[in-house]
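# Reading the structure
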Amino acid sequence: RLARRCLELVRDSLGPEGLTASRAPCRRRQLIPAFSLHWILMVQDLWLWSGEAERVFLRTCLGGVDAVLSYFRSRLTADGFVGRVDEWAWVDWVPGWPHGVSPAAAAGEGSTYLTGLLILALDAGATLHRELGIAAEAQRWEALAARLRTTLRTKAWSAAQGLFLEGPGRADPPTQHTQALALLAGAAEGSTRARVAARLVEDETLVPMSLFQRFYLARALEAAGRYEAFFPKVLAPWRSVLDLGVTTWLEAADPSRSDCHAWASWMIHDFFACLLGARPEAPGWTRIRIQPAVTAVGSAKGSFGTPAGRLAVEWKTLADGGIELSVEAPAGVPVKVVLPDGVRFFPNGGALAVTTAAAVMAPG
């Protein structure tokens, strides 16, 4: 109910320019345009988690989704990048970025990062329209997302640097932000994808993401098959927080204005969705996917409630490299198990167990 209420409050803050407020409710309306794109991703999260139980409510959000996407479409430059946006073009708390605004976003002539984030929101908007019963509306956002992906591939990629530029023709220091969002947006393919993914964690010259943005760093590494970097690389800044004697999560590295900030607690998602590997395979958990991150850690065990019922997962890596996994899933809910040696289907859910030999093939 809290998640639904949050989405509702932000939806109802929609202004005439086509953006939601970056905080709601609030006496003083504040605009951070990127947050409106995050709101669309949140709407998609609620659909994936709750499914049919929230269909009626989520259909009331589609007008806001269209308004935000239309706003960003109106801000595209002649080159096809997101250009100047209203009020506060915040990207991340990075030393040397005044008020958290990257040089490319401040210039307003085209930001690869904001364009990549827009592509993610366009994909989410298209999925929402299609799955909530308005397929015709999905097509326009799918077409725009495809066009912007091509824009990033052809106008932001630098073969000489082996990285995506911060904007067309820009010479700013390259950032993890832009590389991660280009990967997630599908702008990098084949060898380019592998090359960028490797540099995300190995190239210390990249401007690093702060605690909040590292959610997308983890998503990019996961998508590129590099999730083994989760503990040693992605979560490295949190160890320095513990060294300070702080037992809650800072908003950003010191000097931080907040010592207890929700933005930095996103790794809770990864503990369940990646380390346990438990995710909805269909909206509302009507089908379940179990795909543990076996390269990130040697074992994991946990349980949590889903709309379909309680789900418990336990797995460990065996001495020969195989995997031993057991699942207690809601009865009658189909489960798809993805392990390094292949895919297994359990159409009736319930208690199930799998033991594999050493991995011989990549999961399908």
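Up top you'll find the structure we're talking about.
So, here's what we can say about the structure. (Residues numbered from 1 in each chain as written. Predicted model: local features only at pLDDT ≥ 70, side-chain atom pairs only at ≥ 80, totals over all residues. Heavy atoms only, no water.)

Bringing the packing of helix α4 (residues 62-74) against helix α6 (residues 112-131) into the picture now. The geometry of α4 relative to α6 is characterised by a closest axis approach of 11 Å and an angle of 150° between their N-to-C directions. Crossing geometry of α4 relative to α6 is assigned as left-handed. When α4 is examined against α6, the residues L62, V65, D66, L69 and F72 are found in contact with a partner set consisting of L118, A121, L122, G125, L128 and H129. Of the residues contributing to the contact of α4 with α6, the split by class is eight nonpolar, two polar and one charged. (Axes fitted to C-alpha atoms, helices over the stretch in contact; angles between N-to-C directions. Helix = DSSP H or I, 4+ residues; strand = E, 2+ residues; numbered from the N terminus. Left-handed = near helix turned anticlockwise from the far one by under 90°. Contact = heavy atoms within 4.5 Å. Nonpolar A, V, L, I, M, F, W, Y, C, P; charged D, E, K, R; others polar.)

Bringing a nonpolar patch on the surface into the picture now. Judged by side-chain polarity, I268, F271 and F272 come together as a nonpolar surface patch covering roughly 250 Å² of accessible area. By secondary structure assignment, the location of F271 is in helix α13 (residues 267-275). (Patch = residues over 30% accessible without salt bridge, like charges linked within 9 Å, V, L, I, M, F, W, Y side chains within 5 Å. Areas by Shrake-Rupley, 256 points an atom, 1.4 Å probe, with all protein chains shown as cover. Salt bridge = Lys/Arg side-chain N within 4 Å of Asp/Glu carboxyl O.)

This paragraph deals with helix α2 (residues 33-50). The end-to-end C-alpha separation of α2 is 27 Å, in line with the 26 Å expected for 18 residues at 1.5 Å each. Where burial is concerned, most of α2 is hidden: 13 out of the 18 residues are buried. G51 sits one or two positions beyond α2 and adopts a positive phi of about 60°. (Expected span 1.5 Å × (residues − 1). Buried < 20%, exposed > 50% of the residue type's maximum accessible area, 1.4 Å probe, protein only.)

As a further point, take the packing of α4 against helix α7 (residues 135-155). Packing of α4 against α7 leaves a shortest axis separation of 12 Å and a crossing angle of 35°. As α4 packs across α7, the resulting crossing turns out to be left-handed. The residues of α7 that touch α4, namely those facing D66, L69, S70 and R73, are E137, R140, W141 and L144. Looking at the contact of α4 with α7, its residues break down into three nonpolar, one polar and four charged.

Right, let's talk about the sheet that holds strand β8 (residues 335-339) for a bit. Spatially, four strands are ordered β3-β4-β8-β9 in an open sheet, and the strand pairing comes out mixed. Looking at the sheet topology across the chains shown, the edges are occupied by β3 (278-282) and β9 (342-346). Direction aside, neighbouring strands of the sheet carry axes that sit 25° apart on average. Here β3 runs beside strand β4 (residues 287-290); their pairing, made up of four bridges, is antiparallel. If you follow A278 over to β4, its bridge partner there is I290. (Pairing = 2+ DSSP bridges.)

A few words on the sheet that holds strand β5 (residues 299-306). Overall, antiparallel pairing links the four strands, which are arranged β5-β6-β7-β10 in an open sheet. Whereas interior strands pair on both sides, the edge strands pair on one side only; in this sheet they are β5 and β10 (349-355). Averaged over all neighbouring strand pairs, the angle between strand axes comes to 5°, with direction disregarded.

The final tally for this structure, using the stated rule, is 23 salt bridges. Here D172 ties to R170 by a salt bridge, and the two come within 2.4 Å at their closest N and O atoms. Close ionic contact of R219 with D270 constitutes a salt bridge, the shortest N to O distance being 2.9 Å. In this pair, R219 is assigned in helix α10 (residues 214-223) and D270 in helix α13, connecting sequence segments 51 residues apart. Each member of the pair, R219 together with D270, is buried.

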